[in-house]
Amino acid sequence: QVQLVESGGGLVQPGGSLRLSCAASGSFFSINYMGWYRQALGKERELVAEITSGGATIYADSAKGRFTISRDNAKNTVYLQMNSLKLEDTAVYYCNADFRITIRRSENHWGRGTQVTVSS
């Protein structure tokens, strides 16, 4: 019943920018935290950035200074602004969120991912 849907991926040249969006839908009280992960071909999935409901953020070292995570609680949407993109940023980017389903139960869910390709 709870769902996350990513959008905004695509092909971009090195040094370019993209903004990813992830919209949550379904039945829940609130979303505790939301984050972006990525998985490059042949690599493990890794954290890119995470944001709490209060706005506190965490970034991977590779993302600091280039990427910005933000959140619109009224729209149940999280964004990832990616600037100065590099070849090594190429990956499938996944949205993740921790939902409070009821006052007593929380659930963690993943989106299906969106492809980001950085190429000249």
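Right, let's walk through the structure included here. Because the structure is a prediction, the values reported are computed rather than measured.

### As for the nonpolar core
Part 1 of the reasoning: Grouped together as the largest cluster of nonpolar side chains are 29 residues, with contacts concentrated most on W36, L80, M82, Y93 and F99.
Part 2 of the reasoning: Among the elements that line this core, the one with the most residues is strand 9 (residues 91–100), at 5 residues.
Part 3 of the reasoning: In this structure L80 touches L18, R19, L20, W36, V48, A49, F67, T68, I69 and Y93, once residues within four positions along its chain are discounted.

### Concerning the pairing of strand 3 (residues 18–25)
Part 1 of the reasoning: Taken together, the 5 bridges between strand 1 (residues 3–7) and strand 3 define a ladder with antiparallel strand orientation. Across the sheet, the residue bridging to S7 is S21, located in strand 3.
Part 2 of the reasoning: The pairing of strand 3 with strand 8 (residues 77–82) spans 6 bridges and is classified as antiparallel. In the sheet register, R19 faces strand 8, and the bridge partner there is Q81.

### Points about the state of the cysteines
Part 1 of the reasoning: Counting across every chain of the model gives 1 disulfide.
Part 2 of the reasoning: Put simply, C22 and C95 are joined by a disulfide, and their sulfur atoms are 2.1 Å apart. Disulfide C22-C95: the torsion about the S-S bond is -85 degrees, which places it as left-handed. Of this pair, C22 sits in strand 3 while C95 sits in strand 9; the two residues are 73 residues apart in sequence, bridging distant segments of the chain. We note that C22, like C95, is buried.

Calculation rules
Residues numbered from 1 in each chain as written. Predicted model: local features only at pLDDT ≥ 70, side-chain atom pairs only at ≥ 80, totals over all residues. Heavy atoms only, no water. Core = buried A, V, L, I, M, F, W, Y, C linked by side-chain atoms within 4.5 Å. Buried < 20%, exposed > 50% of the residue type's maximum accessible area, 1.4 Å probe, protein only. Helix = DSSP H or I, 4+ residues; strand = E, 2+ residues; numbered from the N terminus. Contact = heavy atoms within 4.5 Å. Pairing = 2+ DSSP bridges. Disulfide = S-S within 2.5 Å.

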